[in-house]
Amino acid sequence: MHVHELAENTYRLFAALRDTRPLVHVVTNFVVMNQTANVLLALGASPMMSWAEDDAAYMSGVSDALCINTGTPVADRISVMKSLMSLAGDVEKPVVLDPVGAGAGPFRTDIARELCTLAPAKIIRGNPSEICALAADHLSTKGVDSGISPEQARAILTGHGRPDRNADDLPSGATALLESASALVVSGNTDMVLGQGKMVKIANGSQLMGAVTGTGCMLSAICAAFYAVAENGFDAAIASVAVTGIAGELAASRVTGPGFFLPHFIDSLYALREADIHQYLRAEVHSL
Ligand SMILES: Nc1ncnc2c1ncn2[C@@H]1O[C@H](COP(=O)(O)OP(=O)(O)O)[C@@H](O)[C@H]1O
Ligand SMILES: Cc1ncsc1CCOP(=O)(O)O
Ligand SMILES: [Mg+2]
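The following refers to the structure shown. All of these numbers come straight from a predicted model, not from anything done at the bench. (Residues numbered from 1 in each chain as written. Chains lettered and ligands numbered in written order. Predicted model: local features only at pLDDT ≥ 70, side-chain atom pairs only at ≥ 80, totals over all residues. Heavy atoms only, no water.)

## Examining helix H6 (residues 128–135)
Among the eight residues that make up H6, eight are buried, leaving the element largely enclosed by the rest of the structure. When H6 is considered as a whole, its buried residues turn out to be Pro128, Ser129, Glu130, Ile131, Cys132, Ala133, Leu134 and Ala135. Here the buried face of H6 lies against strand E4 (95–98), helix H5 (106–116), strand E5 (123–126), helix H7 (150–157), helix H8 (172–178) and strand E6 (183–186). Asp137 lies just past H6 and shows a positive phi near 60 degrees. (Buried < 20%, exposed > 50% of the residue type's maximum accessible area, 1.4 Å probe, protein only. Helix = DSSP H or I, 4+ residues; strand = E, 2+ residues; numbered from the N terminus. Contact = heavy atoms within 4.5 Å.)

## Re the site of ligand 1
Taken together, 16 residues lie around ligand 1, and Arg125, Asn127, Ser187, Gly188 and Asp191 are the ones closest in. Between ligand 1 and the protein, one listed contact pairs an oxygen atom with a side-chain N or O atom of Ser187 at 2.7 Å. A distance of 3.2 Å separates an oxygen atom of ligand 1 from a polar backbone atom of Gly216. Protein coverage of the free-state accessible area of ligand 1, which is 550 Å², stands at 83%. (Near = heavy atom within 4 Å. Polar contact = N/O pair within 3.5 Å; in protein donor to acceptor, adjacent residues only side chain to side chain. Areas by Shrake-Rupley, 256 points an atom, 1.4 Å probe, with all protein chains shown as cover.)

## Quick word on the nonpolar core
Core analysis: the largest hydrophobic core is formed by 61 residues, its most contacted members being Leu43, Ile123, Phe226, Phe261, Phe265 and Leu269. Sequence-distant contacts of Phe261, defined by excluding residues within four places in its chain, comprise Leu208, Met209, Val212, Thr215, Gly248, Ala251, Ala252 and Val255. Counting 38 residues, the second largest nonpolar core, distinct from the first, contains Val80, Ala133, Leu134 and Leu184. (Core = buried A, V, L, I, M, F, W, Y, C linked by side-chain atoms within 4.5 Å.)

## So, the site of ligand 2
Neighbouring ligand 2 are the residues Asn29, Val31, Gly71, Val144, Thr213, Gly214, Thr215, Gly216 and Cys217. Between ligand 2 and the protein, one listed contact pairs an oxygen atom with a backbone N or O atom of Gly216 at 3.0 Å. Burial of ligand 2 by the protein chains amounts to 79% of its free accessible area of 370 Å².

And the structure:
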């Protein structure tokens, strides 16, 4: 597939999202809850941030997608996350898992690994060391920040240059993790979207996105909104990474530092046009 086709598909899903305004149920951490709801609204989705167990069955019945984020994993939240993911799996509702802090100690890593066993068609979106903690038992996450670069993650996931694999092979650790997912998103200065036998690299975004908290969490919620209108998790993940990166780039061009980045990011998402997607998308497709 060509970059041009990726841009067209991204805009098609973006337009569908704005037309249908999917209800996205987000159980996320206390740090990013408000900004995540605002980002979903600016994108064109309808956010719902409930985490009550008593609300789970009803909300699961009416929502179009679910986003689960393990950033502040207190006991009652973990329990509702499991219930919601099981309910969503039963009806094949689109689900996104953001394993915040996987690879930073056994507590978070074990929670994320258990959640990976639920809702088998989910998108899993994390930073390089979070994904490596799930796929390859590599524990290097520094709190919620990646301890490694996307390129290092790629090397770890491919099994360190085994002679029978070339650099473009589908990561072996990722292959196993993909059995519990429809797509993996490894974010960073360049984002990688992995599906069965295929990978797309997207080089949009800005360094400023690493200078404010919650950009990864927002990307995961955006993945859930796109997944609600997409045919599959792989296409939803590509569109989400593209739109997030382009909006981030436009926002960064309008500010001098992180302080005003977030409001400009929200404005850029709100005002994003088809022409921006075609003009700015920088993607490489690898058929594997
Ligand atoms: N140095 C960078 N250059 C471009 N984009 C970046 C950079 N760092 C992070 N991003 C973008 O910020 C978003 C969050 O990614 P990341 O920081 O890896 O996640 P997390 O916040 O979960 O650690 C992604 O859209 C990613 O592309
Ligand atoms: C700082 C912090 N601490 C617990 S959750 C959280 C937010 C993490 O957000 P992101 O993974 O998007 O950087
Ligand atoms: Mg994160």
